[in-house]
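Residue-level structural notes
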Amino acid sequence: MKKVINIGEACTGLQCHNGLAQKIALRLVEPGLTHTDFTFTQLDEESNRFANMLVSLGVKPQEKVFIFLPKQAEVFFAFLGALKAQAIVCILFSNFGKEAVFERMIDAGASVLVTKQSLFNKLKDNLADVPSLAKVILTDLPEAQNESVLSYSQLAQASSSQFSIPETFEETPSVLHYTSGSTGKPKGVLHVHSSLPYQIQTMDEVFQLDPDDVYWCTADQAWVTGVTYGIIGPWAKGLTQIHYTGKFDAVDWFNLLEQEKVTIWYTAPTALRMLIQDETRILDKYALPALKRVYSVGEPLNPEIIHWVRRVVKREIYDTWFQTETGAIMISNRPGLEVHPGSMGKPLQGIEANVLAEDYSVLGPDLAGSLCLKKGWPSMYRTYLNMEEQYKSKFHGEYYNTGDQAKKDADGYFWFIGRNDDVINTSGHLVGPFEVESVLLEMEEIVDVAIIGAPDEMLFEKIVAFVKLKEGLTWSKGLEVQARIRVTRQVSPIAVPSEFVVVDRIPKNRSGKIMRRVLKAQYTGQDVGDISTMED
């Protein structure tokens, strides 16, 4: 099997070897815009310490290391260090509820969890639910509590800043991402170290960076964008990148762009729509002379946002499209390619994309069908963890079916239409209806529930819950608050429904499957279509 460079080494030691040892790799900006800098040397040494920590704890290659932290330096040290030790690493959203965290760790068979005390407190009473979990490492614990709950700083002090990386091969597993499905539990998307060359290619082809560029990707590191384009790609290119630890605020963001002289800004349409709402606070106040280009990801970039960025920010904005499964950008607008507002752009070099009919024949221009990619690109995922049959079902012959509906025009531009399944894209995050429904059904007042995504000007799609109550009960503000808290704590604040609709029955087909399209049509005032398969 062919040897490849380890992703952790490519982002750290290789950059030091290439003469960038003292260049700032990470500028961690706090609210108030104070910052802490880390050079490539520090990134290399601290990730080496973490790799040595894992070895000292007996962690073997391909064991699973989970990171459950807000944005802080240890996220990056642990991620890169775990890759150097050839562990499989998974970053979780720090606002995940307990159920979401445990479901993923149990499915993966997590060996190590890196977190902080406040997040650990909501998990510690149920750790026995993850029998594979051997060690918990807390970043803000001065000394070990016992043999299982350990201090990050204590372990780091005892670990060498030098690490000999084992031979890494093209199929050596690397990163594990969890993505929501329309039914059932989240799917663990597994990638390998040989994804790196194509990820670097996308940095060159789409972002077209100069060595002195200052780069800011606003995505959370638990998202595939935050890993590929907030860790791996920029540091494999030797860039200085900004990471902001605060929450969204229009003025803070524009102050950061100006103060840090950001040249390349990668963000999401929801954030841009929020900025539009705050236009009066930023219009004509920020010239942003250093900024070259803006990029967008996560959901379709509607023409109104493009025109707003051109008018207010006075820069071009480029939409990019990819998935957790693809590992890197597949279709994109980019410099040198004329932007057709509202389109996804064109496939990158080496990517063959087509719009296919139900029989997998290629459709002609402007005909809607399934967006499919010819398999074999280097950053393609290798499996769904513990779901090999579901993985195989995504492929038909030479094609991977993305699950997205699109059309291709006569000029070769692709246009996104929607999803084939019921996964909800809210603020660029995919939410599976099943997870939310399962949590709400635990409430004794609710006897049946269905979750759909409905169009929303701000969120792209909002989550709407249709609930059937126990006989004799009525919906109240108190019940709604209880439902919202339950989803927040067990799944995520992102998954909380924006609206609750009380119904007498949930439409289902004769096999018991929820007919979400009927609910969505009724909610949006559209024709419900064929309901011949609906149960009586």
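Residues numbered from 1 in each chain as written. Predicted model: local features only at pLDDT ≥ 70, side-chain atom pairs only at ≥ 80, totals over all residues. Heavy atoms only, no water.

1. As for the pattern of salt bridges
This is how the line gets drawn: What makes a salt bridge here is a side-chain nitrogen of Lys or Arg within 4 Å of a carboxyl oxygen of Asp or Glu, nothing more. Each helix is a run of DSSP H or I of at least 4 residues and each strand a run of E of at least 2, with the numbering of both proceeding from the N terminus. Classification of residues uses two cut-offs on accessible area relative to the type maximum, computed with a 1.4 Å probe and protein chains only: under 20% is buried, over 50% is exposed, and between them is partly exposed.
This model, assessed by the stated rule, comprises 20 salt bridges. Across the pair E260 and R27 runs a salt bridge, and its minimum N-O distance is 2.8 Å. Linking E260 in the loop between helix 10 (250-259) and strand 12 (264-267) with R27 in strand 1 (residues 24-29), this pair joins segments that are 233 residues apart in sequence. Like R27, E260 is buried. Here K185 makes a salt bridge to D107, at a shortest N to O gap of 3.1 Å. One end of the pair, K185, is in the loop between strand 8 (173-179) and strand 9 (187-192); the other, D107, is in helix 5 (residues 98-108), with 78 residues separating them in the sequence. It is possible to trace a salt-bridge network through shared partners that takes in R27, D37 and E260.

2. What to know about the packing of aromatic side chains
Stated formally: Aromatic pairs are defined between Phe, Tyr and Trp rings, using the six-membered ring for Trp, whenever the two ring centres lie within 6.5 Å; interplanar angles under 30 degrees are classed as stacked, those over 60 as edge-to-face, and all others as tilted. When the NZ atom of lysine or the CZ atom of arginine is within 6 Å of a ring's centre and also within 35 degrees of its normal, the charge is said to sit over that ring.
The final tally for this structure, using the stated rule, is 28 aromatic pairs. Both rings, one in W253 and one in W265, keep their centres 6.4 Å apart while their planes meet at 75 degrees; by these two values the pair is edge-to-face. Taken together, the residues span a long stretch of sequence, with W253 in helix 10 and W265 in strand 12 at a distance of 12 residues. The class of W253 is buried, set by a relative accessible area of 8%. Over the ring of Y384 we find K187, and its NZ or CZ is 5.3 Å from the ring centre.

3. Considerations on helix 15 (residues 433-440)
Among the eight residues in helix 15, six count as buried, and that is most of the element. Inspection of helix 15 places P433, E435, V436, E437, V439 and L440 among the buried residues, and these make up the whole buried set.

4. Quick word on the packing of helix 2 (residues 13-20) against helix 3 (residues 40-56)
How we decide: Note on method: axes are straight lines fitted to C-alpha atoms, helices fitted across the in-contact stretch only, with angles between N-to-C directions ranging 0 to 180 degrees. Working rule for angles: under 35 degrees goes down as roughly parallel, over 145 as roughly antiparallel, 65 to 115 as roughly perpendicular, anything else as oblique. Helix crossings are classified by the rotation of the near helix relative to the far one: an anticlockwise turn of less than a right angle makes the crossing left-handed, while a clockwise turn makes it right-handed. We call two residues in contact whenever any of their non-hydrogen atoms come within 4.5 Å of each other.
At a minimum axis separation of 8 Å, helix 2 and helix 3 run at an interaxial angle of 150 degrees. What the angle tells us is that helix 2 and helix 3 run roughly antiparallel. Classified by chirality, the crossing of helix 3 by helix 2 is left-handed. Side by side, helix 2 and helix 3 meet where G13, Q15, C16 and L20 of the first sit next to F40, T41 and D44 of the second.

5. Structural notes on the layout of surface pockets
Where empty space is left in the structure can be found by rolling a water-sized probe over the atoms. Filter applied, for reference: Here a cavity denotes a set of grid points, spaced 1 Å apart and computed over the protein atoms alone, in which a 1.4 Å probe fits but from which it cannot get out, and a pocket denotes an open set meeting protein on both sides within 12 Å along at least five of seven lines; residues with an atom within 4 Å of a point are reported as lining. Grid points are joined across faces, edges and corners, and a volume is the space filled by probe spheres set on the points. Ten residue types, Ala, Val, Leu, Ile, Met, Phe, Trp, Tyr, Cys and Pro, are classed as nonpolar, four, Asp, Glu, Lys and Arg, as charged, and the remainder, Gly among them, as polar.
Taken as a whole, the second largest pocket spans an internal volume of roughly 1,200 Å³. N95, T218, D220, F248 and H429 are the residues nearest the centre of the second largest pocket, which is lined by 42 residues in total. If you tally residues by element for the lining of the second largest pocket, the top one is helix 11 (residues 269-277), at three residues. Here the residues of the lining of the second largest pocket are counted per class, giving 23 nonpolar, 14 polar and five charged.

6. Describing the environment of G109
Here G109 shows up in the loop between helix 5 and strand 5 (110-115). Sequence separation between G109 and Y384 is 275 residues; the distance between their C-alpha atoms is 14 Å.

7. Quick look at the side chain of E437
Test applied: Polar contact is defined as a pair of N or O atoms within 3.5 Å, subject to the rule that within protein one atom must be able to donate a hydrogen and the other to accept it, and that residues adjacent in sequence are counted only when both atoms are side-chain atoms.
With respect to the helices, strands and loops of the structure, E437 is situated in helix 15. A distance of 2.4 Å separates the side chain of E437 from the side chain of R516, its partner in a polar contact. Sequence-distant contacts of E437, that is, excluding residues within four places in its chain, are made with V449, A450, I451, I514 and R516.

8. What about empty space enclosed by the protein?
In total, this model carries two cavities of 30 Å³ or more according to the counting rule given. If you add up the space inside the largest cavity, you get close to 70 Å³. I7, S174, V175, H177, H191, S195, Q199, V224, V227, T228, I232 and G327 together form the lining of the largest cavity. Among the elements that make up the lining of the largest cavity, the one with the highest residue count is helix 9 (residues 224-236) (four residues). Looking at the lining of the largest cavity residue by residue, the class counts come to five nonpolar, seven polar and no charged.

Note that all results are geometric; they support no functional claim without further evidence.
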